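# Summary of structural features
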Amino acid sequence: MFKITAILITLVMSSVLFAKPSYEIKFSDDWNVKRDSFGADYFAFSPLTIKKESASLFVKEYSASIQEPLSFIVSDINKNMDKNKSKYKNLNIYKKEMTKLGEHNYAVVEYYYFDNAKNMIMFSMISILKKAGSYLYFNYAADEATFNEFKESTIGAMKSVKLQ
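### A few points about the packing of aromatic side chains
Following the criterion strictly, the structure yields 18 aromatic pairs and no others. Between Phe27 and Tyr42, the ring centres sit 5.7 Å apart and the planes meet at 50 degrees, which makes this aromatic pair tilted. Note that Phe27 is positioned in the loop between strand E1 (23–24) and strand E2 (32–37) and Tyr42 in strand E3 (residues 40–45), a separation of 15 residues in sequence. Both residues of the pair, Phe27 and Tyr42, belong to the buried class. Consider the rings of Tyr94 and Phe123, whose centres lie 6.3 Å apart with planes at 70 degrees: the pair is edge-to-face. Residue Tyr94 is located in strand E5 (residues 88–101), and its partner Phe123 is located in strand E7 (residues 120–131); the two are separated by 29 residues in the primary sequence. Taken together, the aromatic side chains of Phe38, Phe43, Phe45, Phe58, Tyr62, Phe72, Tyr135 and Tyr137 make up a single cluster linked through ring pairs.

Structure, rendered in structure tokens:
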């Protein structure tokens, strides 16, 4: 009986650990993309540019249902800023909207803040695509010049999402 229980637990754990996300996404060919990295389903870096930091795009599917995506994002940003107030300051949320990208409706919040560790202003765009019983979370971040340079590429990746 113990062997059967151990085998069943192993199978369940394996299926959870190796479960594939229920979506596909296409990134620009020049982006460096890692699967299952840093806790993300996809963690992508823009091409490195001399004297600039790379932009990064974190994409993760979460199994939870959220009622108001824009409020959820703003609340999440505020919690993170409050939790890390020694590292971040001067939060400015300057864009908050529901928008259609490709076939899907996204909640999109853009903001910037000062990062004491990097000694620079960082820009970020957090987007949520609601699904039944889950949502896809996108976090795009970079310094201002890099953020602007690769923003269209990021939006292109978001438009490419194919739900399975």
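### Considerations on the pattern of salt bridges
A side chain with one charge may pair with a side chain of the opposite charge, provided their charged atoms come close. Per the counting criterion, the structure on display carries eight salt bridges. Between Asp29 and Lys26 there is a salt bridge, with the nearest N and O atoms lying 3.9 Å from each other. The exposure classification of Asp29 matches that of Lys26, with both residues exposed. Across the pair Glu110 and Lys151 runs a salt bridge, and its minimum N-O distance is 2.8 Å. Of this pair, Glu110 sits in strand E6 (residues 104–115) while Lys151 sits in helix H3 (residues 144–159), placing them 41 residues apart in sequence. Residue Lys151 is classed as buried on the basis of its relative accessible area of 18%.

Criteria and thresholds
- Residues numbered from 1 in each chain as written.
- Predicted model: local features only at pLDDT ≥ 70, side-chain atom pairs only at ≥ 80, totals over all residues.
- Heavy atoms only, no water.
- Phe/Tyr/Trp six-rings, centres within 6.5 Å; stacked < 30°, edge-to-face > 60°.
- Helix = DSSP H or I, 4+ residues; strand = E, 2+ residues; numbered from the N terminus.
- Buried < 20%, exposed > 50% of the residue type's maximum accessible area, 1.4 Å probe, protein only.
- Salt bridge = Lys/Arg side-chain N within 4 Å of Asp/Glu carboxyl O.

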